[in-house]
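The primary structure of each chain is shown beneath.
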Amino acid sequence: MTKQRQFGLDLIRALAITSVIFGHFFLNTDFTKVPFNTGSLFVQGIVYSFFTYIGVPLFLMLSGFLNVYKELSIGHFKSIKRILFSYLLISVITWFILAFNGMEAWSIRHLVGATFRFSMIGYAWYIEMYIGLFLLIPFLNMIFAECTNKKTFLLFLAILFSISILPEFTNRYGFHFLPDYWTALSMVFYYSLGGYIRYFHPKPPPLWFSRYQSCWFFVVLLLCSVNSIFSFIIKEEHKFVSILGGLSSPAAVLLTTILFLSLYQVKHIWGGMIITGLAVYSLDMYLFSYLFDRLLYPYAKQLWWINQSQFFLYYLPITESVLLFSFSAAWLKKKIFRI
């Protein structure tokens, strides 16, 4: 893989980890609990939608793009050790620091049980999901190898989309228009979509995309605004409603695809070393971010917080602090184990 393409992929990974950390602000505050009736909340709805739609899907599409040619081998299965080691070590660190601060029980039994339930780190559902996806990668790639032309691969993607993504939008609020038994395959869909891009678009983006690239910014803005617009005009005192769905929705697929196609061939931009650093440490940063969310958000609420409308004052200081501390912890971990 060329250095130019590698930088584009680093940019995607850096955007993904930043989006996850910035998106968790809304999980750690009262955003979804307060009446959606101010301009500040309207903007928060746009920011929330953007980061929710792209964080995890970008990681999964990137996994598909990078791993689509991996074959069945012992070496592939052995390589999961790095992920498991990071998860187990950071779980212990998280438990120790939170227990020291009186936020978890001083119990080895609690540590072991929570670690194997993937609950010691509150965001470890992604690790639990990715372990299964990782084991399936060589077999999924065998399916892709049989899709020898674009039409066959697109048909495969269309079927996955119809059984795992589309029901996220159609089957809500008491309505059930499509079978939704296979919605958990949405993660496989994102992986497959990344694989499709690697298979058939390794050079310039497709014509339909590059011709109208100047319009995609407005498409992104519109997609992220729909939830806020809908929530704002329903009725006064109504809470935020994600009318387009979550990270497995058609809106998330469209937004993530636009960003991936826009970025994966970027050659270089200002701040390249920072972007590469974020990309290198993204997994450990993701795992460490839960610890710093648990430590920083209660402190910020106790010291400064008045209400959710203070978003413009405290959003960037809090999220950037979590990002910086998570990066520093991930960097320190790597340096210690390198020694």
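Before any of the text, the structure's been laid out above.
What counts and what doesn't
- Numbering of residues begins from 1 in every chain and follows the order in which that chain's sequence is written.
- Predicted model: local features are reported for residues with pLDDT of at least 70 only, side-chain atom pairs are reported and counted for 80 or more only, and whole-chain, interface and lining totals are derived from all residues.
- The side-chain numbers reported here are obtained from all heavy atoms of the structure, hydrogens and water having been left aside.
- Strands are runs of DSSP state E lasting at least 2 residues, helices are runs of H or I lasting at least 4, and numbering of each runs from the N terminus.
- The globule rule used for comparison is 2.2 Å times the number of residues to the exponent 0.38, while the radius of gyration itself is calculated over C-alpha atoms.
- Using a 1.4 Å probe on the protein chains alone, a residue whose accessible area is under 20% of its type maximum counts as buried, one over 50% counts as exposed, and one in between counts as partly exposed.
- Whether two residues are in contact is decided by their heavy atoms, any of which lying within 4.5 Å being enough.
- For the area figures, the Shrake-Rupley method with a 1.4 Å probe applies, and any residue is considered shielded solely by the protein chains shown.
- By the counting rule applied here, Lys and Arg register as positive and Asp and Glu as negative, while His and the ends of each chain are not counted.
- Charge positions come from single atoms, namely NZ of Lys, CZ of Arg, CG of Asp or CD of Glu.
- Stacked, tilted and edge-to-face are the three classes assigned to paired rings of Phe, Tyr and Trp, where Trp is represented by its six-membered ring and a pair needs centres within 6.5 Å; plane angles under 30 degrees give stacked, over 60 edge-to-face, the rest tilted.

1. Focus on the overall build of the protein
Next up, step 1: Within the protein one finds 14 helices and zero strands.
Next up, step 2: Helices and strands in the protein line up, N terminus first, as α-α-α-α-α-α-α-α-α-α-α-α-α-α.
Next up, step 3: In terms of overall size, the protein behaves like a compact globule, its C-alpha atoms giving a radius of gyration of 21 Å where 339 residues would be expected to give roughly 20 Å.
Next up, step 4: Its C-alpha atoms put the protein at 60 × 55 × 45 Å along the principal axes.
Next up, step 5: A burial count over the protein gives 50% of its 339 residues as buried.
Next up, step 6: Counting contacts in the protein only where the partners sit at least 6 residues apart, residues at least 24 apart contribute 81% of the total.
Next up, step 7: Carbon and sulfur atoms form 69% of the exposed surface of the protein, whose accessible area is close to 17200 Å².
Next up, step 8: Mean positive and mean negative side-chain charge positions of the protein (25 and 13 charges, respectively) differ by 11 Å.

2. Observations regarding the packing of aromatic side chains
Aromatic ring pairs: the centre-centre distance and the angle between the two ring planes describe each pair.
Next up, step 1: On inspection of all chains with the given rule, the structure shows 51 aromatic pairs.
Next up, step 2: Aromatic side chains Phe 36 and Phe 232 sit 6.2 Å apart centroid to centroid with 80° between the ring planes, which places their arrangement in the edge-to-face category. With Phe 36 in the loop between helix 1 (3-23) and helix 2 (39-67) and Phe 232 in helix 10 (residues 216-234), this residue pair connects regions lying 196 residues apart in the sequence.
Next up, step 3: The class of Phe 232 is partly exposed, set by a relative accessible area of 37%.
Next up, step 4: Measuring from ring centre to ring centre gives 5.7 Å for Phe 153 and Tyr 199, while their planes differ by 65°; the resulting arrangement is edge-to-face. With Phe 153 in helix 7 (residues 150-170) and Tyr 199 in helix 8 (residues 186-200), this pair connects stretches of sequence that are 46 residues apart.
Next up, step 5: Phe 153 gets classed as buried once you look at its relative accessible area, which sits at 0%.

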